[in-house]
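Chain by chain, the residues:
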Amino acid sequence: MDIAENIARVRQRIADAARRAGRPEDAITLLAVSKTFPAEAIAAAHAAGVEVFGENRVQEFGEKVARLRELGVYDHARWHMIGHLQSNKAARAAELFTAVDSVDSLHLAEKLNAAAGKLGRTLDVLIEINIAGEAQKSGIAAEAAELEALLEAAPRLAHLRVRGLMTVPPWSADAEASRPYFRQLRALRDHLAARRLPGVAMEVLSMGMSNDFEVAIEEGATSVRVGTAIFGRRVKP
Ligand SMILES: *Cc1c(COP(=O)(O)O)cnc(C)c1O
């Protein structure tokens, strides 16, 4: 398992998908999902040119940070929280992460805003959309009142920058099964962008994982979250 080789392969696939879609390759950010992997693996990916990482647990990431500092990586990369975040962990998340891509309630946004304010920081956030309305999944349904509430609150959340949308579609071994969901998220993004809501930017569309990131790029993803194809199979969930 050579992390640098895997990254080169993923970057080639990103470039190929971008070309097929008539999009510039640099319109797509590769976010390496390093959950369950140690700081040394993250450092190897960073050495191979990856600058943005995703983690899904506050505590697990917190335990890696000291080592990432020792390795000289922490201050030279961006760290995105991509998993469900309980509001009682918002303060710690605001300390550790540069961005939260999984904001799924106004309550959580308010907690993050207050925590970032105390730290004198601004956090980039994405709104996570439960695009297929799956009962067990986090994220806000596209037609939910909660989404409107969150968008309306954005101008007063001075320590958050709402930058776009994120989604995880229903899992399928067939990448094409994700395409309609990616299209729906893109349409929602376009619809919200056209409303020109104050305090709400809609330039980021985070969608696509190891099994379907090429389809996501064809459908307009600006950020793809790739774990397994870079670091290998995870032994823990
Ligand atoms: C784990 C995870 C990924 C990466 O999944 P892979 O299939 O390993 O690429 C992407 N997004 C989220 C939200 C995740 O939790």
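Check the entry above for the structure.
Residues numbered from 1 in each chain as written. Predicted model: local features only at pLDDT ≥ 70, side-chain atom pairs only at ≥ 80, totals over all residues. Heavy atoms only, no water.

**A closer look at the overall build of the protein**
Now for step 1: Counting its secondary structure elements, the protein contains nine helices and eight strands.
Now for step 2: For 237 residues, the compact-globule estimate of 2.2 N^0.38 gives 18 Å, and the C-alpha radius of gyration of the protein, at 17 Å, lies within 12% of that figure.
Now for step 3: Its C-alpha atoms give the protein principal-axis dimensions of about 45 × 40 × 30 Å.
Now for step 4: Per-residue burial for the protein yields a buried fraction of 52% across its 237 residues.
Now for step 5: Pairs at least 24 residues apart make up 65% of the contacts formed inside the protein by residues separated by at least 6 positions.
Now for step 6: In the form shown here, the protein has an accessible surface area of approximately 10,900 Å², with 50% of it arising from carbon and sulfur atoms.
Now for step 7: Averaging the positions of the 31 positive and the 31 negative side-chain charges in the protein gives two centres separated by 2 Å. (Helix = DSSP H or I, 4+ residues; strand = E, 2+ residues; numbered from the N terminus. Rg over C-alpha atoms; globule rule 2.2 N^0.38 Å. Buried < 20%, exposed > 50% of the residue type's maximum accessible area, 1.4 Å probe, protein only. Contact = heavy atoms within 4.5 Å. Areas by Shrake-Rupley, 256 points an atom, 1.4 Å probe, with all protein chains shown as cover. Lys, Arg positive; Asp, Glu negative; His and termini not counted. Charge placed at Lys NZ, Arg CZ, Asp CG, Glu CD.)

**Comments concerning the packing of aromatic side chains**
Now for step 1: A complete count under the given rule lists six aromatic pairs for this structure.
Now for step 2: Aromatic pair Phe 53 and Trp 79: ring centres 5.2 Å apart, planes at 25°, arrangement stacked. In this pair, Phe 53 is assigned in strand β2 (residues 52-55) and Trp 79 in strand β3 (residues 78-81), connecting sequence segments 26 residues apart. Just as Phe 53 is buried, Trp 79 falls in that class too.
Now for step 3: Taken together, the ring pairs connect Phe 53, Phe 61, Tyr 74, Trp 79 and Phe 97 into an aromatic cluster. (Phe/Tyr/Trp six-rings, centres within 6.5 Å; stacked < 30°, edge-to-face > 60°.)

**Describing unusual backbone geometry**
Now for step 1: Backbone geometry places Thr 36, a non-glycine residue, at a positive phi of 75°.
Now for step 2: By relative accessible area, which is 16% here, Thr 36 ends up buried.
Now for step 3: The phi torsion at Arg 196 lies on the positive side, around 50°, for a residue other than glycine.
Now for step 4: Within the element layout of this structure, Arg 196 appears in the loop between α7 (179-194) and β7 (200-206).

**So, the site of the ligand**
Now for step 1: Near the ligand, the surroundings consist of Val 33, Lys 35, Ile 82, Val 168, Met 209, Ser 210, Arg 225, Val 226, Gly 227, Thr 228 and Arg 234.
Now for step 2: Measuring from an oxygen atom of the ligand, one finds a side-chain N or O atom of Arg 234 at 2.8 Å.
Now for step 3: Coverage of the ligand by the protein chains reaches 88% of its 390 Å² of free accessible surface.
Now for step 4: Residues belonging to the shell around the ligand are distributed by class as follows: five nonpolar, three polar and three charged. (Near = heavy atom within 4 Å. Polar contact = N/O pair within 3.5 Å; in protein donor to acceptor, adjacent residues only side chain to side chain. Nonpolar A, V, L, I, M, F, W, Y, C, P; charged D, E, K, R; others polar.)

**Looking at the packing of helix α2 (residues 39-47) against helix α3 (residues 58-70)**
Now for step 1: It is at 9 Å that the axes of α2 and α3 come closest, and there the two elements cross at 50°. As summarised for this structure, α2 and α3 are arranged oblique, according to the angle between their axes. For the crossing formed where α2 meets α3, the hand is right-handed. Here Ala 39, Glu 40 and Ile 42 of α2 come into contact with α3, specifically with Lys 64, Arg 67 and Leu 68.
Now for step 2: For the contact of α2 with α3, the residue count by class is three nonpolar, no polar and three charged. (Axes fitted to C-alpha atoms, helices over the stretch in contact; angles between N-to-C directions. Parallel < 35°, antiparallel > 145°, perpendicular 65-115°, else oblique. Left-handed = near helix turned anticlockwise from the far one by under 90°.)

**Some details on the side chain of Asn 130**
Now for step 1: Looking at the element boundaries, Asn 130 is found in the loop between β5 (123-129) and α6 (145-153).
Now for step 2: Beyond its immediate chain neighbours, meaning those up to four positions away, Asn 130 contacts Lys 137, Ser 138, Gly 139, Ile 140 and Ala 141.

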